[in-house]
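Structural characterization, general
Read off the chains here:
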Amino acid sequence: MKSPQRLISGIKPTGRLHIGNYFGALKQFVDLQDKYETFVFVANLHALTATPTKENMLEDTKNIILDYLGAGLDPKKVTLFRQSDVTAHTSLAWIFDCLVTVPYLERAHAYKDAEAKAHEVNAGTFTYPVLMASDILLYDADVVPVGKDQKQHIEYARDIAGKFNNQYEELFKLPKELIQDDTAIVPGTDGQKMSKSYNNTIPLFATDEEIEKAVMSITTDSKGKDEEKNPDDMVLYQIHKLFNDSKDLKKQYSKGLGYGDAKKMLIKDIIDFITPMRERRKKYEENPKLVEEILLHGAVHANDIAMKKLQAVYEAAGLTK
Ligand code: ADP
Ligand code: TRP
């Protein structure tokens, strides 16, 4: 039997996950865990680029692992680990650092955005795509499910694999991004891209009250109730259809469903959707020992694969005999 292709992805522990993270990234991990040999990690080294406090790092890391498990990642199928538990990620990143040029890294959108905002950007933010390439290439990943904003980073990973293969030896596979077209960019409550940095999120594991508050704040235009509207142009419907994609709902929206009623329906649809995930998350939260075991098991397995690859890289680069 042909062995399954490999999937790897991670999310940074930098605050609560929101439904944009879920539909853009996490849901794909869950949906694909049966099809691929799946590796999912907590990108805590990448989170360091935002210089969080120790307490925030610990808290956000704990939460994101519970979110992964609550959302339905099955630890029996998936290798789940903390990025910092596999030191080969940073070792390989250094080798890649020496293969890329400064102008090449200066072209990264994320770096350009950070430059535009901050006076002095840290070196970790600058070399972010290199560490990410190392996360992916260490595992010979075939596919990397991410939201659309990460597309360029996967291109960097492919380029870097090519550079290494050219310079030394054909060791790396060129990975492919998996981007879900219909959820590539989930809008936030203000209509911009939903993002932790824009204060426009609906948190994934929110309480009923938080869901209600967030939904009530979704922007709606001032058109009259009976005016013709294309639901696909409405932020409220764009969010609603993630939870209920029935033709009937779309029809109701196009027939001028009032915003108040639509929001009530959306609150209920989100709560119904999230309830089983919340229950599963709670079970893991009440069993921290089990969660630690899952992470330990994940780290051992990931290290096993990563160290073998790093050894091959060291040999190819003449760092060891
Ligand atoms: P944020 O923008 O809130 O800081 P991250 O950059 O940590 O989110 O993103 C984590 C993952 O979730 C990435 O794969 C990213 O592409 C995806 N993602 C984030 N926001 C959205 C969104 N609004 N729509 C779709 N996917 C998203
Ligand atoms: N950069 C990704 C994000 O902001 C997180 C990440 C780090 C990642 N390393 C990765 C995603 C490797 C996929 C594969 O969401």
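Remember, it's a predicted structure, so these values are computed and weren't measured experimentally.

1. Digging into the site of ligand 2
- Taken together, 13 residues are adjacent to ligand 2, and Lys-12, Tyr-128, Met-132, Asp-135 and Gln-150 come closest.
- Here a nitrogen atom of ligand 2 and a side-chain polar atom of Tyr-128 are 2.7 Å apart.
- The contact in question runs from a nitrogen atom of ligand 2 to an N or O atom on the side chain of Asp-135, over 2.7 Å.
- For ligand 2, whose accessible area on its own is 370 Å², the fraction buried by protein is 92%.
- Looking at the shell around ligand 2, the elements with two or more residues in it are strand E1 (6–11) and helix H8 (128–137).
- The leading source of residues in the shell around ligand 2 is H8, at four residues.

2. What to know about the site of ligand 1
- Around ligand 1 sit 18 residues, and of these His-18, Gly-147, Asp-149, Val-186 and Lys-196 come closest.
- Between ligand 1 and Gly-147, the relevant distance is 3.0 Å, taken from an oxygen atom to a main-chain nitrogen or oxygen of the residue.
- Across the complex, the protein chains shield 92% of the 540 Å² of accessible surface that ligand 1 would expose by itself.
- Sort the elements by how many residues they give to the shell around ligand 1 and helix H1 (residues 19–32) lands first, with four residues.

3. Some thoughts on the domain arrangement of the protein
- Domain assignment breaks the protein into domain 1 (6–185 + 288–316) and domain 2 (196–281).
- Once you take the C-alpha centre of each, domain 1 and domain 2 turn out to be 31 Å apart.
- If you look at the interface, domain 1 gives 18 residues, while domain 2 gives 15 residues.
- When domain 1 packs against domain 2, the two sides together hide about 1,600 Å² of surface, and 62% of this comes from carbon and sulfur.
- The largest per-residue losses of area from domain 1 upon contact with domain 2 belong to Arg-16, His-18 and Ile-19, which jointly make up 37% of the total buried on that side.
- For Asp-67, the salt bridge is made with Arg-281, and the minimal N-O distance between the two is 2.7 Å.
- On the surface where domain 1 and domain 2 come into contact, there are eight residue pairs in polar contact (both at pLDDT 80 or more).
- For the side of domain 1 that touches domain 2, the secondary-structure elements that each account for two or more residues are H1 and helix H3 (54–71).

4. Topic: the environment of Glu-315
- Counting through the fold element by element, Glu-315 comes out in helix H14 (residues 288–316).
- The class for Glu-315 is partly exposed, based on a relative accessible area of 43%.
- Spatially, the C-alpha atoms of Glu-315 and Tyr-168 are 9.7 Å apart, while their sequence positions differ by 147 residues.
- Leave out the neighbours within four places in its chain, and Glu-315 touches Thr-320 and Lys-321.

5. What to know about the pattern of salt bridges
- Enumeration according to the criterion identifies 21 salt bridges in this entry.
- Note that Arg-16 and Glu-210 form a salt bridge whose closest N and O atoms lie 3.0 Å from each other. You can see Arg-16 sitting in the loop between E1 and H1 and its partner Glu-210 sitting in helix H10 (residues 208–216), a full 194 residues away along the chain.
- What you see here is one network of salt bridges that share partners, running through Lys-151, Glu-155, Arg-158 and Glu-177.

What counts and what doesn't
Residues numbered from 1 in each chain as written. Chains lettered and ligands numbered in written order. Predicted model: local features only at pLDDT ≥ 70, side-chain atom pairs only at ≥ 80, totals over all residues. Heavy atoms only, no water. Near = heavy atom within 4 Å. Polar contact = N/O pair within 3.5 Å; in protein donor to acceptor, adjacent residues only side chain to side chain. Areas by Shrake-Rupley, 256 points an atom, 1.4 Å probe, with all protein chains shown as cover. Helix = DSSP H or I, 4+ residues; strand = E, 2+ residues; numbered from the N terminus. Domains from an automatic or database assignment. Contact = heavy atoms within 4.5 Å. Buried area = accessible area lost by both parts, 1.4 Å probe. Salt bridge = Lys/Arg side-chain N within 4 Å of Asp/Glu carboxyl O. Buried < 20%, exposed > 50% of the residue type's maximum accessible area, 1.4 Å probe, protein only.

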